[in-house]
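Chain by chain, the residues:
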Amino acid sequence: MSDVVLETRDLVKHFPLTKGILFKKQVGAVRAVDGISITLRKGETLGIVGESGCGKSTLAKLLVGLEKPTAGSIVIQGRDTSRLSPAETRRARRNLQLVMQDPYTSLNPRMTVGDIVGEPFEIHTDVIPKSGRRTRVKELLDLVGLNPDHINRYPHQFSGGQRQRIGIARALAVNPEIILCDEPVSALDVSVQAQVVNLLQKLQKELGLSYIFIAHDLSVVRHIANRVGVMYLGKIVEFGSETEIYDHPNHPYTQALLSAVPVPDPTLRGQRAQIVLEGDVPSPANPPSGCRFRTRCWKAQDLCSREEPALIVRDGLGHPSACHFAEERDVTHAVL
């Protein structure tokens, strides 16, 4: 597909578990990401949701090159990054930049805003001539809604929302086509979250950006995403458009997530059947056989323990889900 800007094919990341001090022996592995295939199209936002520990941040690290995959491939602009030379990898990675979760720890407190936003130019020296870098930094600050005259200030002189704007400006410095947002608003106040999300949407329209938006806040993802993937224990269990996932969920895990969203209107609370999951999330070092969700699923049967369900479109359902007994369920989510 000519409009696909990023694709993962059966992406796997296992972290080895070892014992021993002098002679370490591998005794297992943490299956943080276990066979994920996704596509991102030009100009769209792909949301990835799931509870803590499901592998979202590990997926983000794989995509930006902070971790090397155990198996599978990452294709950016039609080029498999595993088959590129170091120089070619650097050029390919320039098209994929990261906005980090915590604006308080992701900015060096000893560097001025101008140095932080302009640091990518020191790595990718061909982006802009050295004489024009300071002017470009001011343009980037203005683009994200900050005063260009504050270029010599330090991060502690800005609020949390302003610091996240600095992080966005830094990500835009090398003119990427893809921005990976790893829970970019989870550390911010609700009112500031809306401002940052609106800024991201504005930049997407103006610059033609594509986003991978990782979050656990379902309402934020619904507001910004075109398509959504639901992760559980290292795997995508349901995938579809924003409307399909939120209005017609058919995987039990997705249904449970949506039913847990708080409803502020007390007149609607009694109209929604909340699904309470029993038990804890299994360890990714020892996931259940068959379906990984079966130990907490009210629909689980013998088949679920014997056979892992494929992520496919089931009969009568409009989008893929990894459940042998998937069916649509009416989930009231007025807050969304």
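Everything quoted here is computed from the prediction, not taken from an experiment. (Residues numbered from 1 in each chain as written. Predicted model: local features only at pLDDT ≥ 70, side-chain atom pairs only at ≥ 80, totals over all residues. Heavy atoms only, no water.)

Once that is clear, we can look at the sheet that holds strand β1 (residues 4-19). Read across the open sheet, the four strands follow the order β2-β1-β4-β5; overall the sheet is antiparallel. The strands lining the two open edges of the sheet, one partner per strand, are β2 (25-41) and β5 (79-80). (Pairing = 2+ DSSP bridges. Helix = DSSP H or I, 4+ residues; strand = E, 2+ residues; numbered from the N terminus.)

Now for helix α3 (residues 113-123). Those residues of α3 not exposed but buried are Val113, Gly114, Ile116, Val117, Gly118, Pro120 and Phe121. Structurally, α3 contributes buried residues whose contacts are with α4 (133-143) and α5 (160-172). (Buried < 20%, exposed > 50% of the residue type's maximum accessible area, 1.4 Å probe, protein only. Contact = heavy atoms within 4.5 Å.)

Those residues carrying the UniProt feature "domain: ABC transporter" (unreviewed entry) are residues 6-258 in this numbering. Secondary structure across residues 6-258 divides into 36% helix and 28% strand, with the first and last C-alpha atoms of the span separated by 28 Å. (UniProt positions renumbered as here; feature names shortened; annotations may be inferred.)

Judged by side-chain polarity, Ile21, Leu22 and Phe23 come together as a nonpolar surface patch covering roughly 480 Å² of accessible area. Examined against the element boundaries, Phe23 turns out to sit in the loop between β1 and β2. Note on Phe23: relative accessible area 74%, which makes it exposed. (Patch = residues over 30% accessible without salt bridge, like charges linked within 9 Å, V, L, I, M, F, W, Y side chains within 5 Å. Areas by Shrake-Rupley, 256 points an atom, 1.4 Å probe, with all protein chains shown as cover. Salt bridge = Lys/Arg side-chain N within 4 Å of Asp/Glu carboxyl O.)

This part takes up the packing of aromatic side chains. Summed over the entire model, instances satisfying the criterion amount to three aromatic pairs. Taking the centre distance of 5.4 Å and the plane angle of 65 degrees together, the rings of Tyr253 and Phe293 count as edge-to-face. Remark: Phe293 occurs in the loop between α10 (266-269) and α11 (302-306) and Tyr253 occurs in helix α9 (residues 252-259); sequence separation between them is 40 residues. The same class applies to Tyr253 as to Phe293, namely buried. Among the aromatic residues, those joined into a cluster by ring pairs are Tyr232, Tyr253 and Phe293. (Phe/Tyr/Trp six-rings, centres within 6.5 Å; stacked < 30°, edge-to-face > 60°.)

Here we come to the packing of α3 against α5. Contact geometry of α3 with α5 gives a least axis separation of 7 Å together with a crossing angle of 30 degrees. As judged from the angle between their axes, α3 and α5 are roughly parallel. In this structure, α3 crosses over α5, and the sense of that crossing is right-handed. Counting all contacts with α3, which are made through Val113, Ile116, Val117 and Pro120, the residues of α5 involved are Ile166, Ala169 and Arg170. Among the residues making up the contact of α3 with α5, the classes are represented as six nonpolar, no polar and one charged. (Axes fitted to C-alpha atoms, helices over the stretch in contact; angles between N-to-C directions. Parallel < 35°, antiparallel > 145°, perpendicular 65-115°, else oblique. Left-handed = near helix turned anticlockwise from the far one by under 90°. Nonpolar A, V, L, I, M, F, W, Y, C, P; charged D, E, K, R; others polar.)

Our focus in this paragraph is the pattern of salt bridges. Under the defined criterion, the tally for this structure stands at 17 salt bridges. Between Arg227 and Glu44 there is a salt bridge, with the nearest N and O atoms lying 2.6 Å from each other. You can see Arg227 sitting in strand β9 (residues 227-232) and its partner Glu44 sitting in the loop between β2 and β3 (45-49), a full 183 residues away along the chain. For the pair Arg227 and Glu44, one class covers both residues: buried. The salt bridge involving Glu88 is made with Arg79; its shortest N-O contact spans 3.7 Å. Look at the salt bridges and you will find they share partners, linking Arg222, Glu242 and Asp247 into a network.

In this section: α4. For α4, every residue scored as buried is listed here: Arg133, Val137, Leu140 and Leu141. Viewed end-on, α4 has its buried residues packed into an arc of 100 degrees, placing them on one side of the element. Those residues of α4 that are buried are in contact with α3 and α5. (Arc of directions from axis to C-beta.)

The next subject is the environment of Gln157. When you line up the elements, Gln157 lands in the loop between α4 and α5. The class of Gln157 is partly exposed, set by a relative accessible area of 40%. Spatially, the C-alpha atom of Gln157 lies 18 Å from that of Leu140, the residues being 17 residues apart in sequence. Looking at Gln157, its side chain comes within polar contact range of the main-chain nitrogen of Tyr154, at 2.8 Å. (Polar contact = N/O pair within 3.5 Å; in protein donor to acceptor, adjacent residues only side chain to side chain.)

This paragraph deals with the environment of Gln301. Relative to the helices and strands, Gln301 is located in the loop between α10 and α11. On the basis of relative accessibility, which here comes to 47%, the residue Gln301 falls in the partly exposed class. Spatially, the C-alpha atoms of Gln301 and Phe325 are 9.2 Å apart, while their sequence positions differ by 24 residues.

Bringing the pairing of β3 into the picture now. Of all five residues that make up β3, five are buried, and the element is covered over most of its length. By the alternation rule, side chains of β3 split into Thr45, Gly47 and Val49 and Leu46 and Ile48, which are all buried. Strand direction decides the pairing type here: β3 and strand β8 (residues 210-214), joined by four bridges, are parallel. Within β8, the residue paired with Thr45 across the bridge is Tyr211.

In this structure, Gln77 is a non-glycine residue whose phi angle is positive, near 55 degrees. Its location among the elements puts Gln77 in the loop between β4 (71-76) and β5. Residue Gln77 is classed as partly exposed on the basis of its relative accessible area, which comes to 32%.

This part is about the side chain of Arg292. Mapped onto the secondary structure, Arg292 falls in the loop between α10 and α11. For Arg292, the side chain forms a polar contact with the main-chain oxygen of Leu233, separated by 2.7 Å. Once residues within four sequence positions are removed from consideration, Arg292 is found in contact with Arg31, Asp34, Tyr232, Leu233, Lys235, Pro282 and Pro287.

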